[in-house]
Structure formats: structure tokens, C-alpha cells
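Chain by chain, the residues run as shown.
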Amino acid sequence: MTKVLVVATGNPGKLREMQAYLANSGWELTLKPEELEIEETGDTFAANAGLKASQIAQATGNWAIADDSGLQVDALNGAPGVYSARYGKNDSERIARVLNELGSEVNRQAQFVCVIAIANPHGEIFLQSEGVCRGVILHAPRGHRGFGYDPIFYVPEKQLTFAEMTPQLKRSLSHRGKAFTALLPQLALLSPES
Ligand code: IMP
């Protein structure tokens, strides 16, 4: 029996990224039906990932996987957090808003967080995994790779922003990479009949 896992996203880029992480997991990933839109109404990453996985699983009658992620800046009490994607109209506006709110604050510590949830066809959350990557917010963007807040997120151990890293290096230390690495051994043990 093929182990189908519906990805709770309408974004083909995210599907490709998940396929890369889950390449040898024995599951076949498919995109969620376009008409199924799930609103992210939770106030934590875990709540939103759970909500998306659970509702897509129930609606399709398959296992489903969802992730929710964002940037938390210590001196902004964790903002933009679950509002990371909605913090401005586009990436440069979102970056400008974070830099503006931080101003000349000296504490520039921050973290990216990613929570992944997997739900069974009844909509029950079966697995959940979290990955965190700590870093520092620069005063101005650096680098042209990646997406979102990558150009202002600096990782001191590598002396690079996420936007200056190769995709392989970013995957090896990013919040999303860590969450998937933690999830893989558990997913391999899971039978679709569970
Ligand atoms: P999601 O698709 O609801 O998980 O939205 C996450 C948002 O957080 C994205 O739109 C980005 O703004 C931000 N974000 C999450 N992960 C990253 C990352 O790896 N680099 C840069 N921004 C990220």
C-alpha cells in the first residue's frame, strides 16, 4: 500500500522542499486540493501546524503534514512570531518593519522556529516536531539568497546571514531542517494503518 501524505500547503515550493527532506521516507507526498483553504487562526506555531494538518487530513481522508514557522525577536517580545508572513505586504516591507521596530536596540537576539505536525486520516495529531535556530538581527540586509527575513538573520557561528548561505548549509542548521531531522526516524516507524 502506498503511503500517501498530503502536504497542507498550496505552495509548490514548499512541497518541493518537503520532498527533499522526506526523499527516502517511504511516503509519497501530494499537494492539498486547491479549494481547501485553512485559516491560520492559532496563536502559536504548534496550534497552526496542528490545525492545518488536522483539517486537511479530515477533508481528504489521508495522512497529512503541515508546518508553521516564523521569526521571533527577543527585544520585540517574540514578534513578529505567528504573524511573520503577515507583517507587511512583501519581504522588503516585512524586513523594514522589523528593523524599524528594533531601532538602535542593542539586544538583537532572535530565533527562527518551525513546528511540523502530522495528522492521521481522522484528523488526530500523531506526530509533532519543533526546530529552533538562534541568531542575531543585523542593522541592514546582507545577501541575496533564500526568502523572507533571511537577509537580516545572522548566524554568528558561521559569520553569515541565512541569505548568504548555500541552500545545503541553511538546511543543515535551520529551524525547518532541525524539525524535519527530528521527525524522520519517527515517520519511518509509522504505518499508514496506525
Ligand atoms: P508560514 O508559511 O506560515 O510558515 O510562514 C512563515 C513566514 O515566516 C514566512 O512567510 C517568512 O516570512 C518567515 N520565515 C519562516 N521561515 C523562514 C526562513 O527560513 N527564512 C526567512 N523567513 C522565514
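Just above sits the structure.
First, a word on what this report is: a plain description of the structure on this page. In this text, all values refer to a predicted model and were calculated from it rather than measured experimentally.

## Points about the overall build of the chain
Argument step 1. The number of helices and strands found in the chain is 5 helices and 7 strands.
Argument step 2. Along the chain, helices (α) and strands (β) appear in the sequence β-α-β-α-β-α-β-β-β-β-α-α when read from the amino end.
Argument step 3. The C-alpha radius of gyration of the chain comes to 17 Å, within 12% of the 16 Å expected for a compact globule of 194 residues.
Argument step 4. Seen through its C-alpha atoms, the chain measures out along the principal axes to roughly 55 × 30 × 25 Å.
Argument step 5. Here the chain holds 194 residues, and the buried ones make up 46% of them.

## Concerning the sheet that holds strand S7 (residues 160-161)
Argument step 1. On the basis of which strands lie adjacent, the open sheet formed by 7 strands has the order S2-S1-S3-S4-S5-S6-S7 and mixed pairing. Both edges of this open sheet fall to strand S2 (27-31) and S7, since each of them pairs with a single strand only.
Argument step 2. With 5 bridges joining them, strand S1 (residues 3-7) and S2 adopt parallel strand pairing. Across the sheet, residue Val6 finds its bridge partner in S2, namely Thr30.

## A closer look at the site of the ligand
Argument step 1. Around the ligand there are 15 residues in total, and Lys14, Ser69, Asp150, Lys170 and Arg176 lie nearest to it.
Argument step 2. Between an oxygen atom of the ligand and a side-chain N or O atom of Lys170, the distance comes to 2.9 Å.
Argument step 3. The side chain of Arg176 places a nitrogen or oxygen atom 2.8 Å from a nitrogen atom of the ligand.
Argument step 4. Starting from 480 Å² of accessible surface for the ligand in isolation, the protein chains cover 88%.

## Here's the deal with the layout of surface pockets
Argument step 1. In this structure, the largest pocket occupies an estimated 830 Å³ of space.
Argument step 2. Mapped by element, the contributors of at least two residues to the lining of the largest pocket are helix H1 (12-21), strand S3 (63-73), helix H3 (91-102) and helix H5 (175-189).
Argument step 3. If you add up the space inside the second largest pocket, you get close to 230 Å³.
Argument step 4. What lines the second largest pocket is simply Glu17, Tyr21, Arg145, Gly146, Phe147, Phe162, Met165, Pro167, Lys170, Arg171, Ser174 and Arg176.
Argument step 5. Looking at the lining of the second largest pocket, the elements with two or more residues in it are H1 and helix H4 (167-173).
Argument step 6. Element by element, the count of residues in the lining of the second largest pocket is highest for H4, at 3 residues.
Argument step 7. Of the residues belonging to the lining of the second largest pocket, the class tally is 5 nonpolar, 2 polar and 5 charged.

Rules of the game
Residues numbered from 1 in each chain as written. Predicted model: local features only at pLDDT ≥ 70, side-chain atom pairs only at ≥ 80, totals over all residues. Heavy atoms only, no water. Helix = DSSP H or I, 4+ residues; strand = E, 2+ residues; numbered from the N terminus. Rg over C-alpha atoms; globule rule 2.2 N^0.38 Å. Buried < 20%, exposed > 50% of the residue type's maximum accessible area, 1.4 Å probe, protein only. Pairing = 2+ DSSP bridges. Near = heavy atom within 4 Å. Polar contact = N/O pair within 3.5 Å; in protein donor to acceptor, adjacent residues only side chain to side chain. Areas by Shrake-Rupley, 256 points an atom, 1.4 Å probe, with all protein chains shown as cover. 1 Å grid on protein atoms, 1.4 Å probe; cavity = no way out; pocket = protein on both sides within 12 Å on 5 of 7 lines; lining within 4 Å. Points joined across faces, edges and corners; volume = space filled by probe spheres on them. Nonpolar A, V, L, I, M, F, W, Y, C, P; charged D, E, K, R; others polar.

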